[in-house]
Amino acid sequence: MFPGPVIMDRPDPMPDTRAPDTQPAPSAPNGSPPELAIELRGLTKTYKASGKAPAKLALKGIDLAIPRGSVYGLLGPNGAGKSTMINILAGLVTKSGGTAKIWGIDIDQDPRAARAAIGVVPQELNMDPFFTPRELLDLQAGLYGVPKRERQTDRLLEAVGLKDKANAYARTLSGGMRRRLMVAKAMVHTPPVLVLDEPTAGVDVELRQSLWAHVRELNRAGTTVVLTTHYLEEAQELCDSIAIINHGQVVACDSTDRLLRTLDRKDLVAVVDQDLTEVPSTLAGFEVTLKGRQLTVQYPPSRVKVGEVLNAIAAAGLTIVDLSTKESDLEDIFLQLTRAPAGNGAG
Ligand SMILES: Nc1ncnc2c1ncn2[C@@H]1O[C@H](COP(=O)(O)OP(=O)(O)OP(=O)(O)O)[C@@H](O)[C@H]1O
């Protein structure tokens, strides 16, 4: 039976299906844990042509260093290569080139130990509906070879808020409970690195908040969390660093704060006391959109003070009746970086 989570819907020809080791994750030679939870160097993946489908270069040389202890976001449009990366780390897809280390362990040199250092929560909630959460966790622990006396089933159920549901059939659990159960399932072998693939896809706002709280708690307890998400707000809220992937390449990678500062763009929205047919000439130095009495002025806050914008509006003889400003957010950055068409080699 397959020991780990099955995420692929189109399986790679040669996934590594051996059960992982369950020895504690190793530490660096000096006894301290590794600085990097995940380290990828020049990682490439080409899916072979099959039938009429041509070969696909899905990863074009990914370099990524995910620090131990972080909550790290992987963002990218559909098809960017996020799942391919995760599946390589989970041992479900074989890479074509480059190196990958999980918790300092090279996945080529010691694939089983590398797999033991990572837990992956897949996007799909694939679980047997006739098992209870307790049985499912026990089964998973068995698959990972965790000895009975070392199992932490109750503690894990408590950690994900499912203690009362320990003996309920999985089919009676709500979507959110199932997702939390999947998190517990990925943690049975106490991996130091947890990867969540779209943890809140299709989840309502309230539940999303509670899942975020769980993720923060796991992280506070020392787990490095890597998550993929389509919700930019989720990444902005939860992740301390973010890598944006597009067409199989990392196009940006920095702390969330620094990334947000890179756009150096703010919008000032002013509603004035007169209908305008054209942008006043006093605002010629700015990028302005005009809608009736509303002027939206874009300016770089590092070089232009908001007073200069206001003075330019006043100089046109206009009185401002309402005013607001908007900082650029991750969505602006994401759109700017991922609008670019695929470069050479995109299959
Ligand atoms: N088994 C496969 N065989 C052939 N091509 C594949 C296979 N799996 C993925 N691809 C292709 O590789 C590219 C990267 O896909 P991947 O699933 O890694 O992207 P993703 O960023 O996870 O997208 P999503 O956000 O939609 O899950 C896509 O063009 C996809 O069609």
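Residues numbered from 1 in each chain as written. Predicted model: local features only at pLDDT ≥ 70, side-chain atom pairs only at ≥ 80, totals over all residues. Heavy atoms only, no water.

Engineer: What exactly am I supposed to notice about the pairing of strand E11 (residues 266-272) here?
Structural biologist: Moving residue by residue along a regular strand, the side chains alternate between the two faces of the sheet. E11 sits mainly inside the fold: five of its seven residues count as buried. Strand direction decides the pairing type here: E11 and strand E13 (residues 294-299), joined by six bridges, are antiparallel. In the sheet register, Asp267 faces E13, and the bridge partner there is Gln298. Note that E11 and strand E14 (residues 320-327) share seven bridges and pair antiparallel. What sits directly across from Val271, in E14, is Asp322. (Buried < 20%, exposed > 50% of the residue type's maximum accessible area, 1.4 Å probe, protein only. Helix = DSSP H or I, 4+ residues; strand = E, 2+ residues; numbered from the N terminus. Pairing = 2+ DSSP bridges.)

Engineer: Looking at this structure, how should I read the site of the ligand?
Structural biologist: For the ligand, the set of nearby residues contains 13 residues, the closest of which are Gly79, Gly81, Lys82, Ser83 and Thr84. Contact distances for the ligand include 3.5 Å between a nitrogen atom and a side-chain N or O atom of Tyr47. Measuring from an oxygen atom of the ligand, one finds a backbone N or O atom of Gly81 at 2.8 Å. Relative to its unbound accessible area of 630 Å², the ligand is 76% covered by the protein chains. The set of elements that each furnish at least two residues to the shell around the ligand consists of strand E2 (56-67) and helix H1 (82-89). Ranked by residue count, the leading element in the shell around the ligand is H1, at three residues. (Near = heavy atom within 4 Å. Polar contact = N/O pair within 3.5 Å; in protein donor to acceptor, adjacent residues only side chain to side chain. Areas by Shrake-Rupley, 256 points an atom, 1.4 Å probe, with all protein chains shown as cover.)

Engineer: What am I meant to see in the packing of helix H5 (residues 175-186) against helix H6 (residues 205-220) here?
Structural biologist: Put simply, H5 and H6 touch, their axes get as near as 11 Å, and they point 15° apart. When the axes of H5 and H6 are compared, the pair comes out roughly parallel. You can see that H5 and H6 cross each other, and the crossing is right-handed. When H5 is examined against H6, the residues Gly176, Arg179, Arg180 and Val183 are found in contact with a partner set consisting of Leu207, Leu211, His214 and Leu218. Here the residues of the contact of H5 with H6 sort into four nonpolar, two polar and two charged. (Axes fitted to C-alpha atoms, helices over the stretch in contact; angles between N-to-C directions. Parallel < 35°, antiparallel > 145°, perpendicular 65-115°, else oblique. Left-handed = near helix turned anticlockwise from the far one by under 90°. Contact = heavy atoms within 4.5 Å. Nonpolar A, V, L, I, M, F, W, Y, C, P; charged D, E, K, R; others polar.)

Engineer: What is the right way to look at the sheet that holds strand E10 (residues 249-255) in this model?
Structural biologist: Two modes of strand pairing occur in sheets, parallel and antiparallel, and in both the strands are linked by backbone hydrogen bonds. Taken in spatial order, the six strands line up as E6-E7-E8-E3-E9-E10 in an open sheet, and their pairing is mixed. Because the sheet does not close on itself, it has two edges, and the strands there are strand E6 (118-121) and E10. Between one strand axis and the next, the sheet turns by 15° as a mean value, whatever way the strands run. Pairing analysis gives five bridges linking strand E7 (residues 193-197) to strand E8 (residues 224-229), with the strands arranged parallel. Residue pairing in the sheet places Asp197 in a bridge with Thr228 of E8. Along the sheet face, H5 touches E6 and E7 and points at about 160° away from the line of E6.

Engineer: In this structure, what is going on with the environment of Leu181? I would like to understand it.
Structural biologist: On the secondary structure map, Leu181 appears in helix H5. According to the relative accessible area criterion, Leu181 is buried, its value standing at 0%. Between the C-alpha atoms of Leu181 and Leu162, which are 19 residues apart in sequence, the distance is 7.6 Å.

Engineer: Looking at this structure, I do not really get the sheet that holds E14. What am I missing?
Structural biologist: Read across the sheet, four strands follow the order E12-E13-E11-E14 without closing on themselves; strand pairing throughout is antiparallel. Of all the strands in the sheet, just strand E12 (287-291) and E14 have a single pairing partner and so form its edges. Taken pair by pair, the neighbouring strands of this sheet meet at an average axis angle of 15°, ignoring direction. Each of E11, E13 and E14 is contacted by helix H9 (residues 306-315), which is oriented at about 30° to E11, the strand it contacts most.

Engineer: Can you help me understand the layout of surface pockets in this one?
Structural biologist: Any empty space left between atoms is shown by rolling a water-sized probe over those atoms. For the second largest pocket, the calculated volume is near 340 Å³. For the second largest pocket, the lining is made up of 22 residues, of which Leu156, Ala159, Met187, Leu218 and Thr223 are closest to its centre. Broken down by secondary-structure element, the contributors of at least two residues to the lining of the second largest pocket are helix H4 (153-159), H5 and H6. Of the residues forming the lining of the second largest pocket, the biggest block, five residues, is contributed by H6. When the residues that make up the lining of the second largest pocket are grouped by side-chain class, the tally is 14 nonpolar, four polar and four charged. (1 Å grid on protein atoms, 1.4 Å probe; cavity = no way out; pocket = protein on both sides within 12 Å on 5 of 7 lines; lining within 4 Å. Points joined across faces, edges and corners; volume = space filled by probe spheres on them.)

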